[in-house]
Amino acid sequence: MAAPRSCALCRYWGRCWSPTPRCCTVPGLRFSWRENPLGVRFMSQEQRTKETHFGFETVSEEEKGGKVYQVFESVAKKYDVMNDMMSLGIHRIWKDLLLWKMHPFPGTQLLDVAGGTGIAWVLGDAEELPFDDDKFDIYTIAFGIRNVTHIDQALQEAYRVLKPGGRFLCLEFSRVNNPLISRLYDLYSFQVIPVLGEVIAGDWKSYQYLVESIRQFPPQEEFKEIIEDAGFQKVTYESLTSGIVAIHSGFKL
Ligand SMILES: C[S@@+](CC[C@H](N)C(=O)[O-])C[C@H]1O[C@@H](n2cnc3c(N)ncnc32)[C@H](O)[C@@H]1O
């Protein structure tokens, strides 16, 4: 059986920050992932035979979504504790900074893609969002875009669903800019993180994928250009913790 193309969770906060869980799945999309070997988006034969990376492995584009899906199915239960262990809690500061940059106010229409869990959530694919054009004031994606098969397509979707004047914000692993820290970070990533994954979550492979996928993701300047290619303007970024992560920002003007 063909694997599901990709796993996605989109979290949509409406007018308030109510913690009340209001689940809203899109049955068609869920059905497509589980049952439809072509996935949600029907791709041309030519696209389906292209290759891409899954960590350091080369896979067909068609396979990648399913492999990413398996990773997050596998890590979901221990996801938060692993994040705390691997980053010594620093991921919470990075996320607070993202929120601080976002600076939402009452009535702001926010879309958080690849949320993992959320308040009111919708199952969908970042590459084909189940929302109308020009709908949101802010689009955020934290540690999600690295996993999508076609980053350019996900960015175009972000652009499409944002209102004119809307803001795109992305928190993602990036490139360490200090050679000494970079060597230590590599050592930690490749020698310690998969071991932690095995000990805490019983899952070496998913955490091996995590560190490899980080290395495959474009560095700050390159990602900035990719965001600009999707049509965003005034694109800037801020590197945090010596570039271990970066927050990219752009506007639909
Ligand atoms: C590393 S988690 C990030 C979760 C959360 N945003 C955070 O910062 O902790 C990546 C999430 O992206 C989702 N994801 C993977 N591929 C996706 C896609 N094509 N579209 C939307 N979400 C996707 C996964 O299911 C997972 O929930």
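Counting restarts for each chain: residues are numbered from 1 in the order of the written sequence. With pLDDT at 70 or above as the cut-off, local features in this predicted model cover only qualifying residues; side-chain atom pairs require 80 or more to be listed or tallied, and sums for whole chains, interfaces and linings still use all residues. Note that the side-chain values use all heavy atoms of the structure and ignore hydrogens as well as water.

Threshold: UniProt positions are given in the numbering used here, feature names are shortened, and annotations may be inferred rather than shown by experiment.
The name an unreviewed UniProt entry gives the chain is 2-methoxy-6-polyprenyl-1,4-benzoquinol methylase, mitochondrial, with Erinaceus europaeus as the organism. What the UniProt record of the chain gives under Sequence similarities (unreviewed entry) is the line "Belongs to the class I-like SAM-binding methyltransferase superfamily. MenG/UbiE family." In the Function (unreviewed entry) part of its UniProt record, the chain is described as follows: "Methyltransferase required for the conversion of 2-decaprenyl-6-methoxy-1,4-benzoquinol (DDMQH2) to 2-decaprenyl-3-methyl-6-methoxy-1,4-benzoquinol (DMQH2)."

**Quick notes on the overall build of the chain**
Heads up, the condition is: What counts as a helix is a DSSP run of H or I of at least four residues, what counts as a strand is a run of E of at least two, and both are numbered from the N terminus. Only protein chains enter the area calculation, which uses a 1.4 Å probe; residues under 20% of their type maximum are buried, those over 50% are exposed, and those in between are partly exposed. We call two residues in contact when some of their heavy atoms are within 4.5 Å. To measure how exposed things are, a 1.4 Å probe is used in the Shrake-Rupley method; for residues, cover is taken only from the protein chains shown.
In terms of helices and strands, the chain carries 9 helices and 10 strands. Classification of the 253 residues of the chain by burial places 47% in the buried group. Within the chain, contacts between residues at least 6 apart in sequence are counted, and of these 75% link residues at least 24 apart. Summed over all atoms, the accessible surface of the chain reaches about 12,700 Å², with 57% contributed by carbon and sulfur.

**Considering a nonpolar patch on the surface**
Threshold: Candidate patch residues must exceed 30% relative accessible area and have no salt bridge, after which like charges are joined if within 9 Å and Val, Leu, Ile, Met, Phe, Trp or Tyr side chains if within 5 Å. A pairing counts as a salt bridge when a side-chain nitrogen of Lys or Arg comes within 4 Å of a carboxyl oxygen of Asp or Glu.
Together, Leu180, Leu184 and Leu187 make up a nonpolar patch on the protein surface, roughly 330 Å² of accessible area in all. When you line up the elements, Leu184 lands in helix α7 (residues 179-201).

**Quick look at helix α3 (residues 61-75)**
Stated formally: In this scheme, a helix's expected span is set at 1.5 Å multiplied by one less than its residue total.
With 15 residues, α3 should cover 21 Å at 1.5 Å per step; its first-to-last C-alpha distance of 22 Å lies within 8% of that length. Glu61, Lys64, Gly65, Gly66, Val68, Tyr69, Val71 and Val75 are the residues of α3 that are buried.

**Considerations on the packing of α7 against helix α8 (residues 204-216)**
Keep this limit in mind: For helices, the fitted line uses only the C-alpha atoms of the stretch in contact; every axis is such a line through C-alpha atoms, and the angle between N-to-C directions lies from 0 to 180 degrees. Note that the term roughly parallel is reserved for angles under 35 degrees, roughly antiparallel for angles over 145, roughly perpendicular for angles of 65 to 115, and oblique for everything else. Crossing handedness follows the turn of the near helix against the far one: under a right angle anticlockwise gives a left-handed crossing, and clockwise gives a right-handed one. Under the convention adopted here, Pro, Cys and the residues Ala, Val, Leu, Ile, Met, Phe, Trp and Tyr are nonpolar, Asp, Glu, Lys and Arg are charged, and Gly plus all remaining residues are polar.
The contact between α7 and α8 brings their axes to 7 Å, and the two run at 155°. Between α7 and α8, the crossing angle belongs to the class labelled roughly antiparallel. In this structure, α7 meets α8 at a crossing whose hand is right-handed. Within the contact between the two elements, α7 uses Tyr185, Asp186, Ser189, Phe190, Ile193, Pro194, Val195, Gly197, Glu198 and Ala201 and α8 uses Trp204, Tyr207, Gln208, Leu210, Val211, Glu212, Ile214 and Arg215. Per-class residue counts for the contact of α7 with α8 are 11 nonpolar, 3 polar and 4 charged.

**Here's the deal with the pairing of strand β4 (residues 57-60)**
Where a strand is regular, its side chains alternate between the two sheet faces. Put simply, the test is: Strand pairing requires that DSSP identify at least two bridges connecting the strands.
In terms of strand pairing, strand β3 (residues 51-54) meets β4 through 4 bridges, oriented antiparallel. Bridging across to β4, Thr52 finds its partner in Val59. Hairpin connection from β3 to β4: 2 residues lie between these consecutive antiparallel strands, with Gly55 at a positive phi of about 60°.

**Concerning the UniProt feature "binding site: S-adenosyl-L-methionine" (unreviewed entry) in the chain**
Inclusion rule: N or O atoms closer than or at 3.5 Å make up a polar contact, with two conditions inside protein: a donor-capable atom paired with an acceptor-capable one, and, for residues adjacent in sequence, both atoms drawn from side chains.
Per the UniProt annotation, the sites labelled "binding site: S-adenosyl-L-methionine" (unreviewed entry) are Thr117, Asp125 and Ala126. Along the polypeptide, Asp125 turns up in the loop between β6 (120-122) and β7 (136-142). A polar atom in the side chain of Asp125 sits 2.8 Å from the backbone nitrogen of Glu127.

**Focus on the packing of aromatic side chains**
Condition: Note on aromatic contacts: the rings of Phe and Tyr and the six-membered ring of Trp form a pair at centre separations within 6.5 Å, being stacked when their planes are under 30 degrees apart, edge-to-face when over 60 apart, and tilted otherwise.
Within the structure shown, the criterion is met by 10 aromatic pairs. Here the aromatic rings of Trp94 and Phe143 are separated by 6.2 Å at their centres, their planes lie at 50°, and the arrangement is tilted. Placement of the pair is Trp94 in helix α5 (residues 90-102) and Phe143 in the loop between β7 and α6 (151-161), with a sequence separation of 49 residues. Both residues of the pair, Trp94 and Phe143, belong to the buried class.

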